[in-house]
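# Notes for the structure review
Single-letter residue listing:
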Amino acid sequence: MAEANGKAEYVVGVDLGGTKILSGVFKHSFEPIGSSKLSTKSQRGVEAVIERIARCVQDAIDEADLSLKQVAGVGIGAPGAVDFTEGRVIFAPNMEGWKDVPLKKDLEKHLGVPVFVENDCNICVLGVHVAELKAKPKNLVGIFVGTGIGGGLIINGELYSGFNHTAGEIGHMVVDVNGPKCGCGNKGCFEALASRTAIFQQIKGAVKDGQKTLLTEMLGDDLKDLRSGDLRKAIRRGDKFVDKVVETAAEYIGIGVANLVNILGPEVVVVGGGVIEALADEMMSVIVETAQDYAMPGTMKGVEIVASKLGDSAGITGAAVLARRETK
Ligand SMILES: [Zn+2]
């Protein structure tokens, strides 16, 4: 319901991705009261994408029967390297022309409310830390498994982004020097072995080579509309091949967790993202066991490894947390 007094007590969280823009309006809880989704269309250029972000924000506000006047601030998680202080996207690899874009300034012109920009993975870990874990752990590692693998670090209760704002590139930790090629140019990055893209590529490649799977019965031979949830369905119907591919990906995630625990000694490691949301039951026990196998003796003592329940809404939730924090 619209509020007559028009007090700016709402915040909007935006998750800007290479393919879609999500936005949500939040009041005091971490449940959005209005949300919206638009395709990014980054091929249309930076200015067009910024207009689409503004539209997506407006749509979510409209959905909640509110007006911009009632919004105190907008938080945005943007892909790539972000300078939070200036609200500038330094470089976004999956977005055409996104080099040194003053996103905060440009979007404030469109919306007329304060805008705050952070790296999307940092935003997700912030969302999980505050909304899901009630900001309890002082040291936290977040790993988000989706199209790629992103990560974020909370150290001593604060987001850690490194001296040049690029820390937390967990997906590009090399875990197999002879592994498959990664989008970044290296070989055997964590992301090239265990992301949704990597899992789907392995499945599609094997099917091309004659591998039998329930997935082709479900979706046809080209597996065009394959989604993470289909993998869960196939596994639950007894598909040993899909089970093995998913288990192997979970083992790599476990190896990634062990490396991070060895280095950082966090209290909690949160594993989230669309793949985990769909396959937590199938993957989490393998992740935990493998992490324990690979970690140095003693480093895993008392460390919790948990699945995030926020799924795809971690981004908008974290962006709302940022906006709330910055407008207080
Ligand atoms: Zn890489």
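Conventions and cut-offs
- Residues numbered from 1 in each chain as written.
- Predicted model: local features only at pLDDT ≥ 70, side-chain atom pairs only at ≥ 80, totals over all residues.
- Heavy atoms only, no water.
- Helix = DSSP H or I, 4+ residues; strand = E, 2+ residues; numbered from the N terminus.
- Rg over C-alpha atoms; globule rule 2.2 N^0.38 Å.
- Buried < 20%, exposed > 50% of the residue type's maximum accessible area, 1.4 Å probe, protein only.
- Contact = heavy atoms within 4.5 Å.
- Lys, Arg positive; Asp, Glu negative; His and termini not counted.
- Charge placed at Lys NZ, Arg CZ, Asp CG, Glu CD.
- Donors = N, O, S within 2.8 Å, 3.2 Å for Na, K, Ca; no water.
- Tetrahedral: all angles 85-135°; square planar, octahedral: opposite > 155°, others 65-115°.
- Pairing = 2+ DSSP bridges.
- Axes fitted to C-alpha atoms, helices over the stretch in contact; angles between N-to-C directions.

## Let's talk about the overall build of the chain
From N to C terminus, the chain includes ten helices and 13 strands. Its C-alpha atoms give the chain a radius of gyration of 20 Å, near enough to 20 Å, the size a compact globule of 328 residues would have. Considering only C-alpha atoms, the chain reaches an extent of 60 × 50 × 35 Å along its principal axes. When the 328 residues of the chain are sorted by exposure, 53% land in the buried category. Across the chain, contacts joining residues at least 24 apart in sequence account for 62% of those joining residues at least 6 apart. On the chain, the mean spot of the 36 positive side-chain charges and the mean spot of the 42 negative ones are 2 Å from each other.

## Brief notes about the coordination of the zinc ion
Looking at the zinc ion, the protein donor atoms are His172 (ND1), Cys182 (SG), Cys184 (SG) and Cys189 (SG), and they sit 2.0 to 2.4 Å from it. Taken together, the four donor atoms coordinating the zinc ion and their angles of 105 to 120° define a geometry best described as tetrahedral. We note that the donor set of the zinc ion lies within a single chain, spaced as H-x9-C-x1-C-x4-C. As far as the burial class goes, Cys182 and Cys189 line up, both buried.

## What about the sheet that holds strand E11 (residues 158-160)?
Strand order in the open sheet formed by five strands is E11-E10-E9-E12-E13, and the pairing between neighbours is mixed. A strand with exactly one partner marks an edge of an open sheet, and here the two such strands are E11 and strand E13 (304-307). Taken over all neighbouring pairs, the strand axes of this sheet differ in orientation by 25° on average, direction set aside. By the bridge criterion, four bridges tie strand E12 (residues 268-272) to E13 in an arrangement that is parallel. From the neighbouring strand, Val271 faces E13, where its bridge partner is Ala307. Contacting strand E9 (140-145), strand E10 (149-155), E12 and E13, helix H8 (residues 240-264) runs over the sheet at an angle of about 160° to E9.

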